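# Overview (structure and organization)
Listed below, chain by chain, are the residues.
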Amino acid sequence: NAGVTQTPKFQVLKTGQSMTLQCAQDMNHNSMYWYRQDPGMGLRLIYYSASEGTTDKGEVPNGYNVSRLNKREFSLRLESAAPSQTSVYFCASSEGVTLQETQYFGPGTRLLVL
Amino acid sequence: KNEVEQSPQNLTAQEGEFITINCSYSVGISALHWLQQHPGGGIVSLFMLSSGKKKHGRLIATINIQEKHSSLHITASHPRDSAVYICAVRGSNTGNQFYFGTGTSLTVIP
């Protein structure tokens, strides 16, 4: 049981390049989340998926798109990376969307945009 | 303005000391979480609270809904407790808006 896995662990991009961050969970959770963490800002929600087939914007969705490919996988795409998107990205999952449930976090992806 | 404020921002303690980390929030909430982020970056959920008190090993979390305040206590602290502790709340009237504190960086010295 791997929990929440993320790939890649590290990535360096040039401004304007695109990439997709992958996230998968094997806990049969309904809800999945993408966060970014920046120094002095705490974690901020980018997008979430309450259940398979649905996605919703969080606090900072601009510049990102997401796909809930199936119940297990939730990907985050940067179509045209900008230096402001340099951050650490965390994927998380929970059994339900109410956040009464515990969220389980992936190990994070460190992204540097030059 | 941050909806969740933590104090202190940084904390250094000697091994064995009793530690308290505080979290205050300004929104109505349905639940409050304490998270632990290890030096390598991984995040672990420690507690989810909607009222009262919870205990897990040497960790105790309390919440006072009326005062909009929560505390995380660590008894008999150990160097392996060194981490960043993050308070997170979900607003009760804000759909799925989550609010996170900026974290308290704890270092426990042997």
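Above this text sits the structure in question.
### Overview of the interface of chain B and chain A
Facing the 19 residues of chain B at the interface are 21 residues of chain A. Buried area between chain B and chain A, both sides added, is near 1700 Å², and the carbon and sulfur share of it is 58%. Joining chain B to chain A, the criterion identifies zero salt bridges. There are one residue pair in polar contact (both at pLDDT 80 or more) connecting chain B and chain A. Counting residues per element, the side of chain B that touches chain A draws most heavily on strand β4 (residues 29–37) of chain B, which supplies five residues. Its residues assigned to classes, the side of chain B that touches chain A comprises seven nonpolar, 11 polar and one charged.

### Remarks on the pairing of strand β4 (residues 31–38) of chain A
Residues and elements named next belong to chain A. Counting buried residues along β4, eight of its eight residues qualify, which places the element largely inside the surrounding structure. Residues of β4 alternate between two faces, with S31, Y33, Y35 and Q37 on one and M32, W34, R36 and D38 on the opposite face, all of them buried. Where β4 and strand β5 (residues 42–49) come together, seven bridges link them in antiparallel fashion. What sits directly across from Y33, in β5, is Y48. Following β4, the chain reverses through three residues before pairing antiparallel with β5; G40 in that reversal takes a positive phi of roughly 75°.

### Thoughts on the state of the cysteines
Residues and elements named next belong to chain B. Under the counting rule described, the total for this entry stands at two disulfides over all chains. A disulfide bridge connects C23 with C87, and the sulfur atoms are separated by 1.9 Å. Judged by the sign of its S-S torsion, about -65°, the cystine formed by C23 and C87 is left-handed. Of the two residues, C23 sits in strand β3 (residues 19–25) while C87 sits in strand β9 (residues 83–91), which places them 64 residues apart along the sequence.

### Points about the sheet that holds β3(B)
Residue and element names in this part refer to chain B. Pairing is antiparallel across the open sheet formed by five strands, whose spatial order is β1-β3-β8-β7-β6. At either end of the open sheet lies a strand with only one pairing partner, and these are β1 (4–7) and β6 (52–56). The mean inter-strand angle of the sheet, taken between neighbouring strand axes irrespective of direction, is 15°. Sheet analysis places β3 next to strand β8 (residues 69–74), joined by six bridges and oriented antiparallel. When the sheet's bridge partners are listed, I19 is paired in β8 with I74.

### Some details on the packing of aromatic side chains
Enumeration according to the criterion identifies five aromatic pairs over all chains in this entry. Note on Y33(A) and Y48(A): the rings are 6.5 Å apart at their centroids and 25° apart in plane angle, and the pair reads as stacked. Of this pair, Y33(A) sits in strand β4 while Y48(A) is found in strand β5, placing the two residues 15 residues apart along the sequence. Exposure class is identical for Y33(A) and Y48(A). Each is buried. An aromatic cluster is built from Y33(A), Y35(A), Y48(A), F105(A) and F100(B), whose rings are joined through pairwise contacts.

Thresholds applied
Residues numbered from 1 in each chain as written. Chains lettered and ligands numbered in written order. Predicted model: local features only at pLDDT ≥ 70, side-chain atom pairs only at ≥ 80, totals over all residues. Heavy atoms only, no water. Contact = heavy atoms within 4.5 Å. Buried area = accessible area lost by both parts, 1.4 Å probe. Salt bridge = Lys/Arg side-chain N within 4 Å of Asp/Glu carboxyl O. Polar contact = N/O pair within 3.5 Å; in protein donor to acceptor, adjacent residues only side chain to side chain. Helix = DSSP H or I, 4+ residues; strand = E, 2+ residues; numbered from the N terminus. Nonpolar A, V, L, I, M, F, W, Y, C, P; charged D, E, K, R; others polar. Buried < 20%, exposed > 50% of the residue type's maximum accessible area, 1.4 Å probe, protein only. Pairing = 2+ DSSP bridges. Disulfide = S-S within 2.5 Å. Axes fitted to C-alpha atoms, helices over the stretch in contact; angles between N-to-C directions. Phe/Tyr/Trp six-rings, centres within 6.5 Å; stacked < 30°, edge-to-face > 60°.

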